[in-house]
Amino acid sequence: MKITHSFPLPHIHMGTTAGNGELGLSVWGEGNTVNISVGASSLWDHRGGMSWSPRQNFRDLRAAWECNDKATIRSMFAADGGEDSQMPRPSHIPLGRLALTLPAPAERVTLDLDNGCIEVAYEGKSIFVALAQRDKGYFALQLPDEVRAELIPAFELSDVLRKIGYSAPEKTTAGFFQPMPADPGFRLEMRQLPGELRCRFTRGEASDFSASFDGLRRENAAYWERFRQQVPEVETPNALINELYRLGIFKFESMTAADGTPAGLQGPWLEDDALPPWSGDYHFNINVQMCYWPAYSSGRFHNLLPLFRMILSWREKLRYNAKCFVGIDDGYMLPHAVDDRCVCMGGFWTGAVDHASSAWMAQMMFDYVRYSGDAAFLKEGAWDFMVGVMNVYLAMLEEKEGRLTLPFGVSPEYRGDRLDAAGENPSFQLAAIHRLACDLITGAEMLGLPPDPAWLQIEAELPQATLWGDPGREEIALWQDTPLEESHRHHSHLAALCPFNTISPEDEAWRDILERSRDRWIGMGMGRWAGWSIPWAVMLHNRFGNAEMAEFLIELWSRCYRNKGGGTLHDPNFNGLSLGLCGSNKVMQMDAGMGIVAAIADLFLYESGAILYALHGVPDSWEHFSVKNLHCPGGFLFSAERKAGRTSIQLQATRSGTIKLNWRKSLHSRTLGAGELFSLEEQA
């Protein structure tokens, strides 16, 4: 498959991209100028941020909240800026640009998904770009000798680096070296050969330019052929969905390669002339999770490991955070926005204390174990993290009128950092706690350990969600006495449905409550949604039984939240749908595009309460479709097709296990040995 866009493409995030899990290239421009912006996921300025302290504790925070003491709360979680007030918080920084001057205007740019190469066409000629997948800092171009090339440091593209204390780069005929105020500097250099240009990003290591363009192209063709054979195949009558899935899973691999650097909000595709929005950091209240969701159904399990290893490497800091916050020695607490060293960005108190950020990552670690079968990771890393996260929750929970309650908590970004942006028993936190308790009980069984009685008490005595309304008219609330009052980008009060999957949409006890909750949520509209709100909403509509709406929202997202070059936007590309948050249609994040990939797979199969729901989100109007080898928890591969009026599904076990499948509201339970098949067929 090839994806083509026509010039002009006047903004970096309209560019056609290539990535290898560390380096990111974006090809864009207009007229006779083609820019190849270069970004790196590992390139951080580590100055600034907030260091956790004993002053930031649950007891004092709750007391200040109860007394409406906003000044105290804000001062508790202010970024201290470190020793340099020019840098109040850490940030990814811009790297530089390879600017190409053509003898004629550029006409179109094409990404070939089969070999990962990018082609720029002009006046009957072509420039080809290939990014190495193994050698993370290296890329090469094949180009006519008439094309002039210049490496431009980010320092010269705008004054943003000068304003935060950077000195001018040291330039040579080969490129430049950019010193950094508090981190090791970096180089971007090139070597010109007849018909070829070779480029390298380094941070102190020797520069090797021996690999040729043709060598990279062959390497890439082999790499992407193996990838294509390993990932699931999705074919629907909706051509847009097919393209979004294929391109999205390609970008997922490009952003999160198993031997790469964990991806932040923009992956490696960072602006080359500005600091990225929100520092391009790790946002753990939805954004990082959504960026990595495709790993599970696609079977790219090892792409999760760089992220998990990074989090586990922070355990000393996370333990200290928990000690400060709730006074225990055996807990882990992860703030919602941090850099690659787990320095909290600060300034947003409701995010800093959102402990579901920790629980959500614990869920993702355990899901990795369930999908991949990597029992060693459970024993050596995930289990300790899961237990530590739960210990923080246990320190916050109280008994009240014979039930457990969370006396004070938040729902992500609802009401911002206002004093009333918290309450008793937030439904989001309750769902996270229940999912963690369930996973701990299951994990204990896998490890041959007895479950902690506290986890069993949570299942018995902690509400699944907080309800609002008169008896018989209840619906799920944000927290005690607070229903959903406005359109909001986070659908967190519905997290028990998705992503934590602790309430089944077909549970009779919840049916009417969910219907009323659905109707209020729909009634509030999309006027405050972000791009990444859409794939989450697709998954919710799937669970609500609104398959046609799920399909339509995928189409709407592509129309409203992608720019001319296919870049995925935080705010809509034009006025009328949503008011947005950034005040600009140029802010790019990767979460929504990756979320759409996961949401498409979710149409065919999702899990709730240890039951797999098959084809729940497939519209009846699809007269034909096929999906092959979607990965499921427990080590199963799911395939299905509709053809000539008949629908069939098949599950194959990659290891022994028991599967529970809901199809057409019928439950099928089977125990399969490794390699065994379970098939069902139905007349449409």
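The structure under discussion appears in the preceding block.
Residues numbered from 1 in each chain as written. Predicted model: local features only at pLDDT ≥ 70, side-chain atom pairs only at ≥ 80, totals over all residues. Heavy atoms only, no water.

Chemist: Teacher, can you tell me more about the pattern of salt bridges here?
Modeler: A full pass over the atoms with the stated rule returns 40 salt bridges. Notably, a salt bridge pairs Asp272 with Arg97, separated by 2.8 Å at the nearest N-O pair. Remark: Arg97 occurs in strand S7 (residues 96-101) and Asp272 occurs in the loop between helix H6 (239-256) and strand S18 (282-283); sequence separation between them is 175 residues. Accessibility classification places Asp272 together with Arg97 in one group, the buried group. In this structure, Asp512 and Arg511 form a salt bridge, with 3.5 Å as the shortest nitrogen-oxygen distance. Assessed through its relative accessible area of 36%, Asp512 is described here as partly exposed. Judged by relative accessible area, which is 39%, Arg511 ranks as partly exposed. Among the ionic contacts, a cluster of salt bridges with common partners joins Asp367, Arg370, Arg435, Asp439 and Glu607. (Salt bridge = Lys/Arg side-chain N within 4 Å of Asp/Glu carboxyl O. Helix = DSSP H or I, 4+ residues; strand = E, 2+ residues; numbered from the N terminus. Buried < 20%, exposed > 50% of the residue type's maximum accessible area, 1.4 Å probe, protein only.)

Chemist: Even after reading the chapter, I still don't get the sheet that holds strand S12 (residues 148-153), so can you show me in this structure?
Modeler: Paired through their backbone hydrogen bonds, the strands of a sheet run either parallel or antiparallel. Pairing is antiparallel across the open sheet formed by five strands, whose spatial order is S2-S3-S4-S7-S12. Unpaired on one side and paired on the other, strand S2 (16-19) and S12 mark the two borders of the sheet. Between one strand axis and the next, the sheet turns by 20° as a mean value, whatever way the strands run. Bridging between strand S4 (residues 33-40) and S7 involves six bridges; their strand directions are antiparallel. (Pairing = 2+ DSSP bridges. Axes fitted to C-alpha atoms, helices over the stretch in contact; angles between N-to-C directions.)

Chemist: Quick question: what am I supposed to make of the packing of helix H18 (residues 547-560) against helix H19 (residues 591-604) here?
Modeler: Helix-helix packing: each pair is described by the crossing angle between the helix axes and the interaxial distance. Two elements in contact, H18 and H19, have axes whose closest approach is 11 Å; the angle formed by their N-to-C orientations is 160°. In terms of orientation, H18 lies roughly antiparallel with respect to H19. Considering the relative orientation of H18 and H19, their crossing is left-handed. Of the residues in H19, those in contact with Ala550, Ile554 and Trp557 of H18 are Ala592, Gly593, Ile596, Ile600 and Leu603. Among the residues forming the contact of H18 with H19, the class breakdown is seven nonpolar, one polar and no charged. (Parallel < 35°, antiparallel > 145°, perpendicular 65-115°, else oblique. Left-handed = near helix turned anticlockwise from the far one by under 90°. Contact = heavy atoms within 4.5 Å. Nonpolar A, V, L, I, M, F, W, Y, C, P; charged D, E, K, R; others polar.)

Chemist: Where do I start with helix H9 (residues 305-313) in this structure?
Modeler: Note that an α-helix has 3.6 residues per turn; residues three or four places apart therefore point the same way. By the criterion of burial, H9 is predominantly enclosed, with seven of the nine residues buried. Residues Leu305, Pro306, Leu307, Phe308, Met310, Ile311 and Leu312 constitute the buried set of H9. For H9, the elements touching its buried residues are S18, helix H7 (287-292), helix H8 (294-298), helix H10 (315-326), helix H12 (356-372) and helix H13 (375-396).

Chemist: Explain the sheet that holds strand S11 (residues 138-142) here, please?
Modeler: If you walk across this open sheet you meet the nine strands as S1-S8-S9-S10-S11-S16-S15-S14-S13, and the pairing is antiparallel. One side of each edge strand has no neighbouring strand; the edge strands of this open sheet are strand S1 (2-6) and strand S13 (170-172). This sheet shows a mean twist of 15° between the axes of neighbouring strands, independent of strand direction. As judged from the five bridges shared by S11 and strand S16 (residues 196-202), these two strands associate in the antiparallel manner. Pairing of Leu141 across the sheet is with Leu197, part of S16.

Chemist: What am I meant to see in the nonpolar core here?
Modeler: As a rule of thumb, soluble globular proteins bury nonpolar side chains together. One finds Phe308, Phe604 and Phe638 to be the most contacted residues of the largest nonpolar core, which totals 222 residues. Sequence-distant contacts of Phe604, that is, excluding residues within four places in its chain, are made with Val234, Thr236, Tyr613, Ala614, Leu615, Val618, Trp622, Phe625, Val627, Leu630 and Phe638. (Core = buried A, V, L, I, M, F, W, Y, C linked by side-chain atoms within 4.5 Å.)

Chemist: Honestly, the environment of Ser411 in this entry has me stumped. Any pointers?
Modeler: Within the element layout of this structure, Ser411 appears in the loop between strand S21 (403-405) and helix H14 (427-447). In this structure the C-alpha to C-alpha distance between Ser411 and Asn425, which are 14 residues apart in sequence, comes to 9.8 Å. Leaving out residues up to four positions away in the same chain, Ser411 has contacts with Phe428, Leu478, Trp479, Ser492 and His493.

Chemist: What am I meant to see in the environment of Asn575 here?
Modeler: Tracing the sequence through the fold places Asn575 in the loop between H18 and H19. For the pair Asn575 and Cys344, spaced 231 residues apart in the sequence, the C-alpha separation amounts to 34 Å.

Chemist: Which parts of the structure should I look at to understand unusual backbone geometry?
Modeler: The linkage connecting Phe7 with the following residue, Pro8, adopts the cis geometry, with an omega of 5°. Tracing the sequence through the fold places Pro8 in the loop between S1 and S2. One non-glycine residue, Ala610, lies in the positive phi region at around 65°. Considering the arrangement of structural elements, one finds Ala610 in the loop between strand S24 (605-608) and strand S25 (611-614). Judged by relative accessible area, which is 52%, Ala610 ranks as exposed.

Keep in mind that these numbers describe shape and distance, not what the molecule does.
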